[in-house]
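# Tertiary structure, described
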Amino acid sequence: MINKYIQEAYKILDGKQLERELVEQLMDLKGEDILDLMSLANKIKKKFAVESHVCTIMNVKSGMCKEDCKFCSQSMHNNSDIERYALSSTSDMVAQAKEANKADIASFGLVTSGTGYKRVNPEFKKIVSSIEKIKEEVPHGKVCAAIGLLSDETAKVLSEVGIANYNINLQTSVDAYGDLVSTTHSSADRIETIKHLKKYGSKVCSGGIIGLGETMKQRVDMAFTLKELDVDVIPLNVLVPMQGTPLENQEPTPVSEIAKTFALFRLINPTKVIKFAAGRETVMKDYQGLLMTAGANGYLTGGYLTTRGRDAQDDAKFEKELAMF
Ligand code: SF4
């Protein structure tokens, strides 16, 4: 017998919205009810979010960031043993974009460490000209960017150059950001960047991390904020505890809670791309398939910022099998 709150949530398949009060009941589901919730999330995905979204990223500038994000191995406030380097050359970026294209990965994202670019400085100009060069040399590929906070001016420039998606994660709920993520900047800074980008017509990719120590309510709050902001793609990461960060010994979140979170994100954002990003192969291992049937319709492949992932071809095979469900 399906739980009465899940039965009520089936109305999403008729195009109805999920009210906050009902989500609060679903947040408390346990055991087999979570599997029923996941099944509904999978049905919603199949009905409203059919397009699959696969992307890969290149860390084009690593480490030395003055922000204090607790989970991040690239922060100067943390002591992680990572490779640190300044902005990569345009030719390296083009070469990697070609590799991604050869592996049939639709979207290629350039990621920089650091606060972001509020001014059109020489480094920002180099990133923009590299994007132009990639678009010229890989005409059928999509180029994305994740280079931190933007001003109205820099958001306009990036929108005009024609990025496919701009990634800037909220990471957690607005009220938890200061405690769980960073004290050197705020969610408001990130939301402002999203608004600048949307003003100029750019598509926005924004999600967060599960496992920072947040509550289920704070995850749901983030899902509703992303809905209000009308972002296009929602990447969900499972914390990969990095050595040298304050979260290096963080207790892992139970898989059932992660699965419930994925399903609730799909119920709250039925039509959006929900992408399983970091933690899929490295932390979730055997459970990644389970989570991909809890409402996700995309994933990040081929490695992350300072950790490696799985081979893109293995992932493509995996995705084909999962499409049967
Ligand atoms: S997440 Fe970004 S802004 Fe935060 S410390 Fe890491 S590189 Fe810096």
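An account of the accompanying structure is given in this report. Quick caveat: nothing in here was measured; it's all calculated off a predicted structure.

## Side note on the environment of L229
Mapped onto the secondary structure, L229 falls in helix α9 (residues 216-229). What makes L229 partly exposed here is the crowd of 15 C-beta atoms within 10 Å. Taking the C-alpha atoms as reference points, L229 and I194, 35 residues apart in sequence, are found 7.8 Å from one another. Residue contacts for L229: discarding those within four places in its chain leaves I191 and I194.

## Digging into the site of the ligand
Taken together, the residues surrounding the ligand are C65, E67, C69, C72, Q74, S75, S113, G114, T115 and G148. When grouped by side-chain class, the residues that make up the shell around the ligand number three nonpolar, six polar and one charged.

## Observations regarding the pairing of strand β9 (residues 233-238)
With respect to burial, β9 is a largely interior element, six of its six residues being buried. For strand β8 (residues 208-210) and β9, the ladder comprises three bridges, and the chain directions are parallel. Along β9, the bridge assignment pairs I210 with V238. Read from β8 through α9 to β9, the crossover connection turns out right-handed. Summarising the sheet, β9 and strand β10 (residues 273-276) pair through four bridges and their orientation is parallel. Residue L236 lies in a different strand from β10, and its bridge partner there is F276. With helix α10 (residues 255-268) bridging β9 and the parallel β10, this β-α-β connection has right-handed handedness.

## Looking at the nonpolar core
In this structure, A41, C144, A145, Y166, F262, A263 and L267 are the most contacted members of the largest nonpolar core, which totals 86 residues. The element contributing the most residues to this core is α10, with eight residues. For L267, the contacting residues outside a window of four places in its chain are A9, I12, L18, A41 and I44.

## Some words on unusual backbone geometry
Even without glycine at this site, D104 takes up a positive phi of about 65°. Within the fold, D104 resides in the loop between α4 (90-102) and β2 (107-112). You can call D104 exposed: it has 10 C-beta atoms within 10 Å. Positive phi outside glycine occurs at D230, with the angle close to 55°. Residue placement: D230 occurs in the loop between α9 and β9.

## Overview of helix α5 (residues 122-137)
Along its 16 residues, α5 runs 22 Å from first to last C-alpha, staying within 8% of the 22 Å computed at 1.5 Å per residue. Residues F124, I127, V128, S130, I131 and I134 constitute the buried set of α5. One side of α5 holds all its buried residues, which, seen down the axis, span an arc of 160°. Of the exposed residues in α5, the ones pointing more than 90 degrees away from its buried face are P122, K125, S129 and E136. Packing partners of the buried residues in α5 comprise α4, β2, β3 (116-117), β4 (142-146) and α6 (152-161).

Cut-offs used in this document
- Residues numbered from 1 in each chain as written.
- Predicted model: local features only at pLDDT ≥ 70, side-chain atom pairs only at ≥ 80, totals over all residues.
- Helix = DSSP H or I, 4+ residues; strand = E, 2+ residues; numbered from the N terminus.
- Buried ≥ 20, exposed ≤ 12 C-beta atoms within 10 Å, placed from the backbone.
- Contact = placed C-beta atoms within 7 Å.
- Near = placed C-beta within 6 Å.
- Nonpolar A, V, L, I, M, F, W, Y, C, P; charged D, E, K, R; others polar.
- Pairing = 2+ DSSP bridges.
- Right-handed = clockwise from strand over helix to strand, strands pointing away.
- Core = buried A, V, L, I, M, F, W, Y, C linked by C-beta atoms within 7 Å.
- Expected span 1.5 Å × (residues − 1).
- Arc of directions from axis to C-beta.

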